[in-house]
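Spelled out, the chains give:
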Amino acid sequence: MKLLFKRHCSCLSHFNPRNTKTPSAKESQIRHLCKSGSLPDAFEVLNSIDSGEITVKPILYASLLQTCVKSLSFRPGLQIHAHVVKSGLETDRFVGNSLLALYFKLGSNILETRRVFDHLIVKDVISWTSMVTGYVRAGKPGKAIEFFWDMIGFGIEPNGFTLSAMIKACSELQDLRLGRCFHAVVSRRGFDSNHVIVSSLIDMYGRNYVLEDAKQVFDELLEPDAICWTSVISAMTRNDSFEKALALFYSMQRNAGLFPDGFTFGTVLTACGNMGRLKQGIEVHSKVITCGLVGNVVVESSLVDMYGKCGSVDAARSIFDRMTVKNSVSWSALLGVYCQNGQFESVVKLFRTMEKDDLYSLGTVLRACAGLAAVRQGKEVHCQYVRRGGWRDVIVESALVDLYAKCGCIDFAHSIFIQMPVRNLITWNSMICGFAQNGRGGEAIGLFEEMIEKGIKPDYISFVGVLFACSHSGLVDQGRRYFDLMTAEYGIKAGIEHYNCMVDLLGRAGLLEEAENLIENADYRGESSLWAVLLGACTTCTNSTTAERIAEKMMNLEPDCHLSYVLLANVYRAVGRWNDALKIRKLMKDRGVKKMPGKSWIETNGNLDPNFGADHLNVSGETHLLSVGNIG
């Protein structure tokens, strides 16, 4: 849009060539002050002359309005708007576009910008593009597309800036088909060498997870600039191709000779963090210092996030404490650090110290409350969300669904779910897993099928939820079908969580041999947790020989794991082999294997304590189990 404004300014010198009036000395002085950015001085001179003495009002007012935009001064711009209305210059094309730019760039309400647009007598491509871009920036990409079709209907030909805005709208809507259509328009009109438009195309394909097309668009550029490099690196990172993102980052410097900016570093640090590459993250940190970007709030917030994802909580906190400028993103990054590393209490404490929170931080603290099963604190955050006009943010509401489901308030979680105007995959997964974990497997499976019918593609977590539901509902045939469907139709490689669910499902059904064969043929046959699940299922059968064989495999994998001894002893007791059960206990003692004590979260006087056991329940004071009842 900066280029658009430059073009706009350049048009002013050609305004009305038939106008032979010579501007007065004070008018020339005002225009000179505008060029130098001295807005207060320009206003002082403007107020010292009578409105009737101004000979070239359109040029003067347009210059003042554009200076207001450059200096981010909305209130003075409103004063000029009053002058424009009083002078009857709203019909002037250049003044009208300058007014539109003022409201588009600095106005807080897109409706005000729309009113200015509707009152313009002459609407050119600049006017329409400003509105299209305004709707995209206001988070209304669908409205931007509607406006674009209206523009075409009025016979206005789009320019490069219009197309760039439309491609961004397609990115926001994840409308790949329409995005490809605009790509064709870009090629046909010869804009495929325009770096701004091409970077928008790369971003659009990246957001739609069509990485091959994003890379092809980039590769077709003869000399991509730093913005295009950053866009393709960002596309790689968004599509979890972190190695390729890092390779492009190094190639950008070594082969293209370009210097990364703050956004490039932010993207690369995200890649390092997601891979857990602390060493490479430190190397990138050193480049940040070398490039003089210390103090850049975007980069430093990314550093906090990177160190947190790599498990270096102290390093993340140290960088945060040294930051000279902190914004909501910085605070949210630190909250995320503690949340990702399981320090949920620290998240809640830090959240209470924040002067101003945003929706992302609310989502993070809700995840921490879910991790603590702290429904009371979660309700407090929920109230804050409602007070600030909530029920519109899909991230926060998905976190609310997850919180209430994990705290046992499954009906309330479902109530929030069905009222959500927008649901993403995380929302569906939270509800499916919530039903499954709260013993409502049939509803979990029904919701999974409904999600697929609505065209939402299930992911790794979706299948964990539905397989867990099948396991706890005893639906063996459906479990087998979903397990096969996951790989055959959706190309998702089964993970250890999926195998755990299937082994549990088959074990509960008494199909121990099938479950054992499943583990033996899996890539995770060396994972003791799978054998532990199968051994646990043996406690319900009378075949102690099978249990002995499975326990032996577990002991070979993890000799110091207490589970194999405890579960085998339970099997012996279940079939009446008491002497063998005592021998296992003695063997466990001789080998120095200790049973890990269980722990439960208990809320005492509003504080969460993980170290309470049964012997703590008689202490004085108010002590009670966490409330997981319905919201009253």
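This one's a predicted model, so the numbers in the text were calculated from it and none came from an experiment. Numbering of residues starts from 1 in every chain and runs along the sequence as written. Where local features are concerned, this predicted model is filtered to residues with pLDDT of at least 70; where side-chain atom pairs are given and counted, the filter is 80 or more; whole-chain, interface and lining totals use all residues. No hydrogens and no water enter the side-chain calculation; it runs on all heavy atoms of the structure.

(A) Layout of the overall build of the protein chain. In this text, helices come from DSSP runs of H or I with a minimum length of four residues, and strands from runs of E with a minimum of two, each type numbered from the N-terminal end. In terms of regular secondary structure, the protein chain is built from 35 helices and 3 strands. When each of the 632 residues of the protein chain is scored for burial, the buried share is 49%. Relative to all contacts within the protein chain whose residues are 6 or more apart in sequence, the contacts with residues 24 or more apart total 60%. Every accessible area reported is derived by Shrake-Rupley at a probe size of 1.4 Å, with residue values counting cover from the shown protein chains alone. For the protein chain, the accessible area works out to roughly 31200 Å², and carbon and sulfur atoms hold 52% of it. For every residue, the accessible area obtained with a 1.4 Å probe (protein chains only) is divided by the maximum for its type, and the residue is called buried under 20%, exposed over 50%, and partly exposed between those limits. Pairs of residues are marked as contacts when any of their non-hydrogen atoms sit within 4.5 Å.

(B) Spotlight on helix H13 (residues 211-219). Those residues of H13 that fall on the buried side of the exposure criterion are Leu211, Asp213, Ala214, Val217 and Phe218. Viewed along the axis of H13, the buried residues span an arc of 165°, placing them on a single side of the element. Looking at the buried positions of H13, the neighbouring elements they touch are helix H11 (176-188), helix H12 (195-207) and helix H14 (226-238). The arc in question is formed by the directions pointing from the helix axis toward the C-beta atoms.

(C) Molecular detail of the pattern of salt bridges. Salt bridges are defined as contacts in which a side-chain nitrogen from Lys or Arg sits within 4 Å of a carboxyl oxygen from Asp or Glu. Within the structure shown, the criterion is met by 21 salt bridges. For Arg238, the salt bridge identified is with Asp203, shortest N-O distance 3.7 Å. In this pair, Arg238 sits in helix H14 while Asp203 sits in helix H12, placing the two residues 35 residues apart along the sequence. Taking the relative accessible area as the measure of exposure, Arg238 reaches 29% and is therefore partly exposed.

(D) Representation of the nonpolar core. Side-chain atoms within 4.5 Å link the members of a nonpolar core, which is a set of buried Ala, Val, Leu, Ile, Met, Phe, Trp, Tyr and Cys residues. Core analysis: the largest hydrophobic core is formed by 190 residues, its most contacted members being Ile30, Leu64 and Val304. Here the element with the most residues in this core is helix H24 (residues 394-406); it accounts for 8 residues.

(E) Representation of the side chain of Ser231 in the model. If you trace the backbone, Ser231 turns up in helix H14. Judged by relative accessible area, which is 13%, Ser231 ranks as buried. Here Ser231 is in contact with Ser199 and Ile202, once residues within four sequence places are set aside.

(F) Unusual backbone geometry, seen in detail. If you check the backbone angles, Tyr209 has positive phi at about 60° while not being a glycine. Take Tyr209: it is sitting in the loop between H12 and H13. Judged by relative accessible area, which is 53%, Tyr209 ranks as exposed.

(G) Region of the structure containing the environment of Ile452. If you trace the backbone, Ile452 turns up in helix H27 (residues 441-453). Contacts of Ile452, omitting those with residues within four sequence positions, involve Pro458 and Tyr490.

(H) Up close: the packing of aromatic side chains. Aromatic pairs are defined between Phe, Tyr and Trp rings, using the six-membered ring for Trp, whenever the two ring centres lie within 6.5 Å; interplanar angles under 30 degrees are classed as stacked, those over 60 as edge-to-face, and all others as tilted. Here the structure, examined in full by the defined rule, presents 20 aromatic pairs. Here Phe218 and Trp229 contribute two aromatic rings whose centre-to-centre distance is 4.9 Å and whose plane-to-plane angle is 75°, an arrangement assigned as edge-to-face. Note that Phe218 is positioned in helix H13 and Trp229 in helix H14, a separation of 11 residues in sequence. Each member of the pair, Phe218 as well as Trp229, is classed as buried. A connected cluster of aromatic rings, assembled from ring pairs, spans Phe117, Trp128, Tyr135, Phe147 and Phe154. Cation placement over rings: the criterion is NZ of Lys or CZ of Arg within 6 Å of the ring centroid and within 35° of the ring normal. For the cation-ring pair, Lys123 lies above Phe117, with the distance from its terminal atom to the ring centre recorded as 5.3 Å. The ring of Phe320 carries Lys326 above its face, with NZ or CZ at 5.1 Å from the centroid.

(I) Broad picture of the packing of helix H30 (residues 496-508) against helix H31 (residues 512-520). Only the stretch in contact is used when fitting a helix axis, every axis being a line fitted to C-alpha atoms; angles between N-to-C directions are given from 0 to 180 degrees. The geometry of H30 relative to H31 is characterised by a closest axis approach of 8 Å and an angle of 160° between their N-to-C directions. Judged by the inter-axis angle, H30 sits roughly antiparallel to H31. Taken as a pair, H30 and H31 cross one another with a handedness that is left-handed. The residues of H31 that touch H30, namely those facing Tyr499, Met502, Val503, Leu506 and Gly507, are Leu512, Glu514, Ala515, Leu518 and Ile519. If an angle is under 35 degrees, it is roughly parallel; if it is over 145, roughly antiparallel; if it lies from 65 to 115, roughly perpendicular; otherwise it is oblique. Left-handed describes a crossing whose near helix is turned anticlockwise from the far helix through less than a right angle; right-handed describes the clockwise counterpart.

(J) Broad picture of helix H32 (residues 528-537). For H32, a buried count of 7 out of 10 residues is recorded, marking the element as mostly surrounded by other parts of the structure. For H32, the full list of buried residues reads Ser528, Leu530, Trp531, Ala532, Leu534, Leu535 and Ala537.

(K) Highlighting the UniProt feature "repeat: PPR" (unreviewed entry) in the protein chain. When the UniProt feature table is mapped onto this chain numbering, "repeat: PPR" (unreviewed entry) sits at residues 124-158, 225-260, 327-361 and 424-458. Measuring from the first to the last C-alpha atom of residues 225-260 gives 10 Å, for a span that is 72% helix and 0% strand. In this annotation, residues 327-361 is assigned 74% helix and 0% strand; the end-to-end C-alpha distance for the span is 12 Å. UniProt positions are given in the numbering used here, feature names are shortened, and annotations may be inferred rather than shown by experiment.

(L) Layout of the environment of Phe104. Tracing the sequence through the fold places Phe104 in helix H6 (residues 93-106). Owing to a relative accessible area of 7%, Phe104 belongs among the buried residues under this scheme. Separated by 29 residues in the primary sequence, Phe104 and Thr133 place their C-alpha atoms 8.4 Å from one another.

(M) Looking closely at the confidence of the model for the protein chain. Here the protein chain shows a mean pLDDT of 84. Residues at 70 or above account for 86%. Confidence drops under pLDDT 50 across residues 1-20; counting only partners more than four residues distant or on other chains, this segment forms 29 contacts. Between residues 611-632, whose pLDDT stays under 50, and residues either more than four places distant or in other chains, the model counts 30 contacts. pLDDT expresses how confident the predictor is about each individual residue, on a scale running from 0 to 100.

(N) Quick peek at the state of the cysteines. A pair of cysteine sulfur atoms is labelled a disulfide when the two atoms are within 2.5 Å. Taken as a whole and judged by the stated rule, the model has 0 disulfides. Sulfur of Cys34: no disulfide; nearest cysteine sulfur belongs to Cys68 and is 7.9 Å away.

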